[in-house]
Amino acid sequence: MSLFGIGSRNQKTFRPKKSAPSGSKGAQLKKHIDATLGSGNLREAVRLPPGEDLNEWLAINAVDFFNQVNILYGTLTEFCTPSTCPTMTAGTKYEYRWADGVSIKKPIEVSAPKYVEYLMEWIETQLDNESIFPQKLGAPFPPNFQDVVKTIFKRLFRVYAHIYHSHFQMIMSLKEEAHLNTCFKHFVLFTWEFRLIDHGELAPLYELVESILKL
């Protein structure tokens, strides 16, 4: 079983998994990720491989982390419902409202499952947009690419924050806490390495983030 494998009880995903196009630079980098993750050294696994393009590395990892969060949240869909989670919160202090700047310009209050649905749909739209995430080897990345990536990671963090604050007991009863913690550690080390999430955004899980980074 791979480092990010998950028990057979929970093989469903919240949305279909995405994969790097075969034969592309992304597929080569995906093999590098799998190989370095297999070593168990997450700090080493997140570093930009020598001679590789930063944007290519951010792109393939964005797909990977989307898939990881997708699988994790997929295990909780029967427990995270509009009645159990009428708003998207991370503890009592933090509430997230949804806006995508296009169809929903003014932030709206929605249930946690609706928020995650909007969020994953929005990320999937970015990943599928070849003008943002080019599929062909050598195709240029847009000037705003890293800003888009930062927004993707900021929003994925919010799913982790909600899971830890609202569903950790259920994760423990499913015996998935080791998997969740490993995924989150990988996520934190990657976003820290490339300064993808502002400190303020990390506040709902700051103690956990601090313990991972040993600040």
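The protein carries the name MOB kinase activator-like 1A in an unreviewed UniProt entry, which gives Tagetes erecta as its organism.

J.: I'd like a rundown of the overall build of the protein, residues and numbers included.
T.: Within the protein one finds seven helices and two strands. From first element to last, N terminus to C terminus, the protein shows the α and β order α-α-α-β-β-α-α-α-α. Counting all 215 residues of the protein, 49% fall into the buried class. A separation of at least 24 residues holds for 74% of the contacts in the protein among residues at least 6 apart in sequence. In the structure as shown, the protein presents an accessible area of about 10700 Å², 51% of it carried by carbon and sulfur atoms.

J.: Pulling in residues and values, what's your account of the environment of Phe133?
T.: Along the chain, the position of Phe133 falls in the loop between α4 (112-128) and α5 (145-173). A sequence separation of 73 residues divides Phe133 from Ile60, and the C-alpha atoms of the two residues are 9.3 Å apart. Phe133 has contacts with Ala59, Ala62, Gln126, Leu127, Phe145, Val148, Val149 and Ile152, leaving out every residue within four places of it along the chain.

J.: Lay out the pattern of salt bridges in plain terms, naming residues and giving numbers.
T.: Applying the stated criterion across every chain yields a total of five salt bridges. Across the salt bridge formed by Arg97 and Glu95, the nearest N and O atoms sit 3.3 Å from each other. Since its relative accessible area comes to 44%, Arg97 is described here as partly exposed. With relative accessibility at 37%, the residue Glu95 sits in the partly exposed group. Arg97 is the salt-bridge partner of Glu109, the closest N and O atoms lying 3.3 Å from each other.

J.: Account for the packing of α4 against α5, naming residues and giving values.
T.: Between α4 and α5, whose axes approach to 11 Å, the crossing angle comes to 155 degrees. Judged on the interaxial angle alone, α5 and α4 are roughly antiparallel. Crossing angle aside, the handedness with which α4 passes α5 is left-handed. Residues Ala112, Tyr115, Val116, Leu119, Met120, Trp122, Ile123, Gln126 and Leu127 of α4 form the contact with α5, whose own contacting residues are Val148, Thr151, Ile152, Arg155, Leu156, Arg158, Val159 and His162.

J.: How would you sum up helix α3 (residues 54-74)? Please name residues and give values.
T.: The end-to-end C-alpha separation of α3 is 30 Å, in line with the 30 Å expected for 21 residues at 1.5 Å each. Buried residues dominate α3, accounting for 20 of its 21 residues. Here α3 starts with a cap whose side-chain oxygen sits 3.1 Å from the backbone nitrogen of Asn55, and that cap is Asp53.

About the criteria used
Residues numbered from 1 in each chain as written. Predicted model: local features only at pLDDT ≥ 70, side-chain atom pairs only at ≥ 80, totals over all residues. Heavy atoms only, no water. Helix = DSSP H or I, 4+ residues; strand = E, 2+ residues; numbered from the N terminus. Buried < 20%, exposed > 50% of the residue type's maximum accessible area, 1.4 Å probe, protein only. Contact = heavy atoms within 4.5 Å. Areas by Shrake-Rupley, 256 points an atom, 1.4 Å probe, with all protein chains shown as cover. Salt bridge = Lys/Arg side-chain N within 4 Å of Asp/Glu carboxyl O. Axes fitted to C-alpha atoms, helices over the stretch in contact; angles between N-to-C directions. Parallel < 35°, antiparallel > 145°, perpendicular 65-115°, else oblique. Left-handed = near helix turned anticlockwise from the far one by under 90°. Expected span 1.5 Å × (residues − 1). Polar contact = N/O pair within 3.5 Å; in protein donor to acceptor, adjacent residues only side chain to side chain.

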